[in-house]
Amino acid sequence: MIGRLHGKLLEKNPPQILIDVSGVGYEVDVPMSTFCNLPEVGGELTLHTHFVVREDAELLYGFATLAERAVFRALIKISGVGPKIALALLSGITVDQLKDAVDRGETGLLTKVPGIGKKTAERLVLELKGKLAGTGAATAAVPTSGARADVAAAWVEMLRGGPAHAVHEHGADGGDLHSATAFLSASTRSVCSHRTPSS
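Since we're looking at a predicted model, the values are computed, not measured.

Student: Could you give an account of the overall build of the chain, with specific residues and numbers?
Tutor: Per the secondary structure count, the chain includes eight helices and seven strands. Here the chain, with 199 residues, has 46% of them falling under the buried criterion. For the chain, the proportion of contacts with a sequence separation of at least 24, taken over those separated by at least 6, is 60%. As displayed, the chain offers around 9,600 Å² of accessible surface, 50% of which is attributable to carbon and sulfur atoms.

Next comes the structure, spelled out in structure tokens:
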């Protein structure tokens, strides 16, 4: 199990980054909240990670805070919610917003996140009730909600359908990996520059 990485940031290709740890490069998928708090390429960083092993792949997910990882792990235990949807949620809303929505039984905020329908939102509220205590502190700074929505949608499309689908859905020219990552990188930089401080 890989639970933590500390090393040098080599590449930022949202939603994935590449970290050099003692000469070994780790490809890590991160939520937008974590991406917005990354150092410049060449800088050092520490991520709390979750390692997923499937028959066809070994995947690593990284988070700036323990709170984000704890919520991610709670989410993927719910039937029908895989790592991609969990990452989408953490890109679309903050940990505090998710906790508040669950406490209030509010599904409306959750359905605003791309990929989250009404039934999934209801299941999230039901199954997360009482399980997010202590996860609201020390969360990463995130973009303001209005600016975040469109870019979060592009992140989800990249995760779910690949670069060509993300580019097609969100207006970038072309349909290859370079076009998609360039579009997402530019959009994410713009949104991250308007992030709000963590609580």
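Back to the write-up after that little detour.
Student: Just give me the short version of the nonpolar core, but keep the residues and values in it.
Tutor: One finds Leu 75, Leu 89, Leu 98, Leu 110, Leu 124 and Leu 128 to be the most contacted residues of the largest nonpolar core, which totals 27 residues. Sorting the residues of this core by element identifies strand E5 (58–63), helix H2 (66–76), helix H3 (83–92), helix H4 (95–104) and helix H6 (118–128) as the ones contributing at least two each. The contact partners of Leu 89, leaving out residues within four places of it in the chain, are Leu 75, Leu 110, Val 113, Ile 116 and Leu 124. The next biggest cluster of nonpolar side chains, apart from the first, holds twelve residues, and it includes Ile 17, Ile 19, Val 28 and Leu 60.

Student: Residue-level account of the pattern of salt bridges, with values.
Tutor: Oppositely charged side chains can form a pair if their charged atoms are brought close together. On inspection of all chains with the given rule, the structure shows three salt bridges. When the shortest N-O distance is used, the salt bridge between Lys 99 and Asp 103 registers 3.4 Å. Of the two residues, Lys 99 and Asp 103 both sit in helix H4, four residues apart, roughly one turn of that helix. Close ionic contact of Asp 100 with Arg 104 constitutes a salt bridge, the shortest N to O distance being 3.0 Å. Placement of the pair is Asp 100 and Arg 104 together in helix H4, with a separation of four residues, close to one helical turn.

Student: Before we move on, can you summarise the packing of aromatic side chains with the specific residues and values?
Tutor: Taken as a whole and judged by the stated rule, the model has two aromatic pairs. For the pair Tyr 61 and Phe 72, a centre-to-centre distance of 5.3 Å together with 40° between the ring planes defines the contact as tilted. Residue Tyr 61 is found in strand E5, and its partner Phe 72 is found in helix H2; the two are separated by eleven residues along the sequence. A residue is classified by how much of its surface remains accessible, and Tyr 61, at 3% relative accessible area, is buried. Measuring from ring centre to ring centre gives 4.9 Å for Phe 63 and Phe 72, while their planes differ by 45°; the resulting arrangement is tilted. In this structure, Phe 63 and Phe 72 share a single accessibility class: buried. Aromatic ring contacts, followed pair by pair, group Tyr 61, Phe 63 and Phe 72 into a single cluster. A cation over an aromatic ring shows up here: Lys 12 above the ring of Phe 35, its NZ or CZ 5.9 Å from the ring centre.

Student: Describe the pairing of strand E3 (residues 24–29), and please don't skip the residues or the numbers.
Tutor: Bridge count for strand E2 (residues 16–21) against E3 is six bridges, and the pairing is antiparallel. What sits directly across from Asp 20, in E3, is Gly 25. Taken together, E2 and the strand that follows it, E3, pair antiparallel across an intervening segment of two residues, in which Ser 22 is found at a positive phi of about 55°.

Student: Give me unusual backbone geometry: which residues, what numbers.
Tutor: Going from Pro 14 to Pro 15, the amide bond is cis rather than trans, its omega being 5°. Of note, Pro 15 is situated in the loop between strand E1 (4–13) and E2. If you check the backbone angles, Ser 22 has positive phi at about 55° while not being a glycine.

Analysis parameters
- Residues numbered from 1 in each chain as written.
- Predicted model: local features only at pLDDT ≥ 70, side-chain atom pairs only at ≥ 80, totals over all residues.
- Heavy atoms only, no water.
- Helix = DSSP H or I, 4+ residues; strand = E, 2+ residues; numbered from the N terminus.
- Buried < 20%, exposed > 50% of the residue type's maximum accessible area, 1.4 Å probe, protein only.
- Contact = heavy atoms within 4.5 Å.
- Areas by Shrake-Rupley, 256 points an atom, 1.4 Å probe, with all protein chains shown as cover.
- Core = buried A, V, L, I, M, F, W, Y, C linked by side-chain atoms within 4.5 Å.
- Salt bridge = Lys/Arg side-chain N within 4 Å of Asp/Glu carboxyl O.
- Phe/Tyr/Trp six-rings, centres within 6.5 Å; stacked < 30°, edge-to-face > 60°.
- Lys NZ or Arg CZ within 6 Å of the ring centre and 35° of its normal.
- Pairing = 2+ DSSP bridges.

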